Amino acid sequence: LKSLKFVSSKLSLLTAFMLVIMITYSIMSNQFSFAPPPEHMMAIDPTLRPENVTASVGDLMIVVFSSGSGMRIPEPDKAAMEVSWVGGGNYRGTTNISDFGTVMVESGANGVSRSHGQGMIMDSKGEVATYRIQGLGNMGSDGYFRNHGIVFFNATSGGVFDQLSSTVGVFANEVNQKGNAVTKIWELE
């Protein structure tokens, strides 16, 4: 009777194992079937001209000098830190601005860090534009952290920052060991 139970439990285990393999194969084969086979690829529309698709960095819009105003580690088991800053500079070389923001910097492979965050700029009259940033950066051999990325703005209509809502910015910045930074944002055209 014991040997019959042993054989029965082995058969149940073998059946469960085979069922897992069949389900896994079924799921994997369905996942691969979502991509169209090469012979059914969409035909290239002859009216589209790749030479008409361009992008370039336009005018320098913003230059800001800032200092870190706070830092925290939001998740103790994750190589990420949240950094806040406050700074000042100019918008289009004519309007003095204050700049405030917070960014999450996540360490990645090969020393490359990803950053994403938000901030706001304000002129002396209290007009405000907010922004979201995403970037990639790494630590240079000189101990400075350099970051490059994109900026999406949102501003109220009619003010000094009015045109920012329809603008994508490209930024570069450099942060020293004391947490002081200089950031430049150009208009993407």
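Residues numbered from 1 in each chain as written. Predicted model: local features only at pLDDT ≥ 70, side-chain atom pairs only at ≥ 80, totals over all residues. Heavy atoms only, no water.

K.L.:
How should the overall build of the chain be read in this particular structure?
P.N.:
For the chain, the count of helices and strands is 1 helix and 8 strands. Across the 189 residues that make up the chain, the buried fraction comes to 25%. If you take every contact in the chain between residues at least 6 apart in sequence, the share linking residues at least 24 apart comes to 43%. Surface summary for the chain: the accessible area is close to 13,300 Å², and the carbon and sulfur share equals 61%. (Helix = DSSP H or I, 4+ residues; strand = E, 2+ residues; numbered from the N terminus. Buried < 20%, exposed > 50% of the residue type's maximum accessible area, 1.4 Å probe, protein only. Contact = heavy atoms within 4.5 Å. Areas by Shrake-Rupley, 256 points an atom, 1.4 Å probe, with all protein chains shown as cover.)

K.L.:
I'm lost on the nonpolar core in this one. Help?
P.N.:
Most often, soluble globular proteins have nonpolar side chains that are buried together. If you look at the biggest cluster of nonpolar residues, it comprises 19 residues, and the most contacted ones within it are Ile62, Ile121, Phe153, Phe161 and Leu164. At the level of secondary structure, the elements contributing two or more residues to this core comprise strand 1 (57–72), strand 2 (80–91), strand 3 (95–107), strand 5 (128–139) and strand 6 (145–155). Apart from the residues lying within four places of it in its own chain, the contact partners of phenylalanine 161 are Tyr91, Ile97, Ile121, Met122, Asp123, Glu127, Val128, Ala129 and Ala155. (Core = buried A, V, L, I, M, F, W, Y, C linked by side-chain atoms within 4.5 Å.)

K.L.:
In this structure, what is going on with the side chain of threonine 183? I would like to understand it.
P.N.:
Relative to the helices and strands, threonine 183 resides in strand 8 (residues 180–188). Overall, threonine 183 belongs to the buried group, its relative accessible area being 15%. What threonine 183 contacts, discounting residues up to four positions off in sequence, is Ile62, Val63, Val64, Phe171, Ala172 and Asn173.

K.L.:
Would you mind showing me how to read the packing of aromatic side chains here?
P.N.:
Two aromatic rings, taken as a pair, are described by how far apart their centres are and by the angle between their planes. What the rule picks out here adds up to 2 aromatic pairs. Ring centres 5.1 Å apart and planes at 70° place the aromatic pair tyrosine 91 and phenylalanine 161 in the edge-to-face group. Taken together, the residues tyrosine 91 in strand 2 and phenylalanine 161 in the loop between strand 6 and strand 7 (168–175) connect sequence positions 70 residues apart. The burial state of tyrosine 91 is the same as that of phenylalanine 161; both residues are buried. (Phe/Tyr/Trp six-rings, centres within 6.5 Å; stacked < 30°, edge-to-face > 60°.)

K.L.:
In this structure, what is going on with the sheet that holds strand 3? I would like to understand it.
P.N.:
Within a sheet, adjacent strands bond to each other through the backbone by hydrogen bonds, running parallel or antiparallel. On the basis of which strands lie adjacent, the closed barrel formed by 8 strands has the order 1-2-3-4-5-6-7-8 and antiparallel pairing. Looking at each pair of strands side by side, their axes are set apart by 30° on average, direction ignored. Pairing between strand 6 and strand 7: 8 bridges, direction antiparallel. Residue pairing for strand 7: asparagine 147 is matched across the bridge by asparagine 173. (Pairing = 2+ DSSP bridges. Axes fitted to C-alpha atoms, helices over the stretch in contact; angles between N-to-C directions.)

K.L.:
Got a minute to help me understand unusual backbone geometry in this structure?
P.N.:
Residues other than glycine predominantly adopt negative phi, and peptide bonds predominantly adopt the trans conformation. Despite not being glycine, arginine 92 has its phi angle at roughly 55°, a positive value. Inspection of the secondary structure assignment puts arginine 92 in the loop between strand 2 and strand 3. A positive phi angle, close to 55°, is found at asparagine 110, a residue other than glycine. If you trace the backbone, asparagine 110 turns up in the loop between strand 3 and strand 4 (113–123).

K.L.:
Honestly, the pairing of strand 2 in this entry has me stumped. Any pointers?
P.N.:
Sheet faces and side chains relate simply in a regular strand, where the side chains alternate between the two faces. Looking at chain direction, strand 1 and strand 2 are connected through 10 bridges and run antiparallel. Within the sheet, the bridge partner assigned to phenylalanine 65 lies in strand 2 and is glycine 88. Strand direction decides the pairing type here: strand 2 and strand 3, joined by 12 bridges, are antiparallel. Note on strand 3: the bridge partner recorded for tryptophan 85 is glycine 101.

K.L.:
When you look at the environment of threonine 102 in this model, what are you seeing that I'm missing?
P.N.:
Note on placement: threonine 102 falls in strand 3. Sequence separation between threonine 102 and glycine 70 is 32 residues, and the spatial gap between their C-alpha atoms is 8.9 Å. Setting aside its immediate chain neighbours within four residues, threonine 102 contacts Glu82, Val83, Ser84, Trp85, Gly117 and Gln118.

K.L.:
Quick question: what am I supposed to make of the pairing of strand 8 here?
P.N.:
Taken together, the 8 bridges between strand 1 and strand 8 define a ladder with antiparallel strand orientation. Residue pairing for strand 8: leucine 60 is matched across the bridge by tryptophan 186. Judged from the 7 bridges that link them, strand 7 and strand 8 form a sheet pairing that is antiparallel. The partner of asparagine 173 across the bridge, within strand 8, is threonine 183. Connecting strand 7 to the antiparallel partner strand 8 that follows it, the hairpin turn spans 4 residues, and glycine 179 within it adopts a positive phi of roughly 90°.

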